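Listed below, chain by chain, are the residues.
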Amino acid sequence: KSLQTALAASKQSRFADDLYPRIVNPLILAYVNTDSLDRAKFYLKKIENSDKNYTQGVYESSYIKSKQQIELADKNYNQALQLGTTYLTIVNNSNNVNNIEHAERFLSQVYDSLGNDSKAFFHYKNAKHIEDSIYNIQKTKALSYYQTLYETEKRDAMIKAQESDILLLDSKNRVKNQWLIFGSLGLLGLFSIVYLYRSKQF
């Protein structure tokens with residue numbers, strides 16, 4: 001529903017041509033995942049029949065990803081395998097680990113459907129290895145974030161404590177200065193009284 005809304009909204013944009021495949025390819029995957037294969041095929045044909053080269057260049061990997069899912073859902077396993085292998089080659093060159101993990105998992109599904117357990121397990125292991133690596137990286141980043149947060153809060157607490165100490169010292173100094181002023185005034189007053197008394201006596 002959100003992708004359909006985005007697709008309708010994108011038609012008003014001056015970047016409509018570039019946005020179209022970026023929205024439609026995820027929409028195709030959404031239709032495949034919700035068992036709406038006819039709708040998925042409908043949008044795939046629109047991409048293939050477009051004169052904008054939505055199946056080539058920067059759009060190629062997204063197009064192949066969409067088409068391979070349709071072929072798998074349609075039980076055309078050999079076509080799905082061919083597309084899956086091509087997709088894996090493309091994403092391996094891009095070094096996008098999420099896409100590589102998806103490609104390995106897809107090939108595992110295809111080989112499993114073909115009854116080739118050894119290759120299915122091989123690609124499944126690759127996918128799990130990448131998934132674990134991503135998880136470890138995310139965990140490390142999370143630990144790093146919370147450590148930084150802790151250190152920041154610790155530093156802020158120290159700064160607040162130091163500020164409190166400074167305020168306390170400032171308050172003590174102010175009281176001390178007030179006592180010095182009052183004491184000085186008191187002594188000055190006493191000396192003035194003694195001086196005036198002696199002057200009067202003289």
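A brief report on the enclosed structure follows. None of the values given here were measured: they were computed from a predicted structure.

What counts, and at which threshold
- Residues numbered from 1 in each chain as written.
- Predicted model: local features only at pLDDT ≥ 70, side-chain atom pairs only at ≥ 80, totals over all residues.
- Heavy atoms only, no water.
- Helix = DSSP H or I, 4+ residues; strand = E, 2+ residues; numbered from the N terminus.
- Rg over C-alpha atoms; globule rule 2.2 N^0.38 Å.
- Buried < 20%, exposed > 50% of the residue type's maximum accessible area, 1.4 Å probe, protein only.
- Contact = heavy atoms within 4.5 Å.
- Areas by Shrake-Rupley, 256 points an atom, 1.4 Å probe, with all protein chains shown as cover.
- Lys, Arg positive; Asp, Glu negative; His and termini not counted.
- Charge placed at Lys NZ, Arg CZ, Asp CG, Glu CD.
- Expected span 1.5 Å × (residues − 1).
- Patch = residues over 30% accessible without salt bridge, like charges linked within 9 Å, V, L, I, M, F, W, Y side chains within 5 Å.
- Salt bridge = Lys/Arg side-chain N within 4 Å of Asp/Glu carboxyl O.
- Axes fitted to C-alpha atoms, helices over the stretch in contact; angles between N-to-C directions.
- Parallel < 35°, antiparallel > 145°, perpendicular 65-115°, else oblique.
- Left-handed = near helix turned anticlockwise from the far one by under 90°.
- Nonpolar A, V, L, I, M, F, W, Y, C, P; charged D, E, K, R; others polar.
- Phe/Tyr/Trp six-rings, centres within 6.5 Å; stacked < 30°, edge-to-face > 60°.

**A closer look at the overall build of the protein chain**
Part 1 of the reasoning: Counting its regular elements, the protein chain contains seven helices and zero strands.
Part 2 of the reasoning: Counting from the amino terminus, the protein chain carries its helices and strands in the arrangement α-α-α-α-α-α-α.
Part 3 of the reasoning: Relative to a compact globule of 202 residues, whose C-alpha radius of gyration would be 17 Å, the protein chain shows 38 Å and is clearly more extended.
Part 4 of the reasoning: Principal-axis analysis of the C-alpha atoms gives the protein chain an extent of 130 × 45 × 30 Å.
Part 5 of the reasoning: Split into buried and exposed, the 202 residues of the protein chain put 25% on the buried side.
Part 6 of the reasoning: Contacts spanning at least 24 positions in sequence make up 46% of the contacts within the protein chain whose residues lie at least 6 apart.
Part 7 of the reasoning: Only carbon and sulfur atoms are counted for the fraction: they give 56% of the accessible area of the protein chain, which is about 14,700 Å².
Part 8 of the reasoning: When the 26 basic and 21 acidic side-chain charges of the protein chain are each reduced to a single mean position, those positions are 10 Å apart.

**Some points on helix α7 (residues 117-201)**
Part 1 of the reasoning: Helix length check: α7, at 85 residues, gives a terminal C-alpha distance of 123 Å against a target of 126 Å (1.5 Å per residue), a fit within 8%.
Part 2 of the reasoning: Taken together, the buried positions of α7 are A120, H123, A127, I130 and I134.

**What about a nonpolar patch on the surface?**
Part 1 of the reasoning: Judged by side-chain polarity, I181, F182, L185 and L188 come together as a nonpolar surface patch covering roughly 440 Å² of accessible area.
Part 2 of the reasoning: Inspection of the secondary structure puts I181 in helix α7.

**Topic: the packing of helix α2 (residues 16-33) against helix α3 (residues 37-48)**
Part 1 of the reasoning: Where α2 contacts α3, the axes come no closer than 8 Å and their chain directions differ by 155°. Considering the angle they form, α2 stands roughly antiparallel to α3. The element α2 and its partner α3 pack so that their crossing is left-handed. When α2 is examined against α3, the residues Y20, V24, N25, L27, I28, Y31 and V32 are found in contact with a partner set consisting of L37, R39, A40, Y43, L44, K46 and I47.
Part 2 of the reasoning: Along the lines of polarity and charge, the residues of the contact of α2 with α3 split into eleven nonpolar, one polar and two charged.

**Some remarks on the environment of L149**
Part 1 of the reasoning: Secondary-structure assignment places L149 in helix α7.
Part 2 of the reasoning: When the C-alpha atoms of L149 and F121 are compared, they prove to be 41 Å apart, with 28 residues separating the residues in sequence.

**Side note on the pattern of salt bridges**
Part 1 of the reasoning: Within this structure, the stated rule accounts for ten salt bridges.
Part 2 of the reasoning: When the shortest N-O distance is used, the salt bridge between K41 and D74 registers 2.8 Å. In this pair, K41 is assigned in helix α3 and D74 in the loop between α4 (60-73) and α5 (77-94), connecting sequence segments 33 residues apart.
Part 3 of the reasoning: For D74, a relative accessible area of 31% translates into the label partly exposed.
Part 4 of the reasoning: A salt bridge links E131 to K128, with the shortest nitrogen-to-oxygen separation between them at 3.3 Å. Here E131 pairs with K128, and both are found in helix α7, just three residues apart, close to one helical turn.

**Considering the packing of aromatic side chains**
Part 1 of the reasoning: Counted according to the given criterion, the structure contains five aromatic pairs.
Part 2 of the reasoning: With 6.0 Å between their ring centres and 10° between their planes, Y31 and Y43 make a pair best called stacked. Taken as a pair, Y31 in helix α2 and Y43 in helix α3 lie far apart in primary sequence, twelve residues in all.
Part 3 of the reasoning: Judged by centre distance (5.1 Å) and plane angle (80°), the ring pair of F42 and Y43 falls under edge-to-face.
Part 4 of the reasoning: Given a relative accessible area of 40%, F42 falls into the partly exposed group.
Part 5 of the reasoning: The class of Y43 is buried, set by a relative accessible area of 7%.
Part 6 of the reasoning: The rings of Y20, Y54 and Y59 are connected pair by pair, giving a single aromatic cluster.

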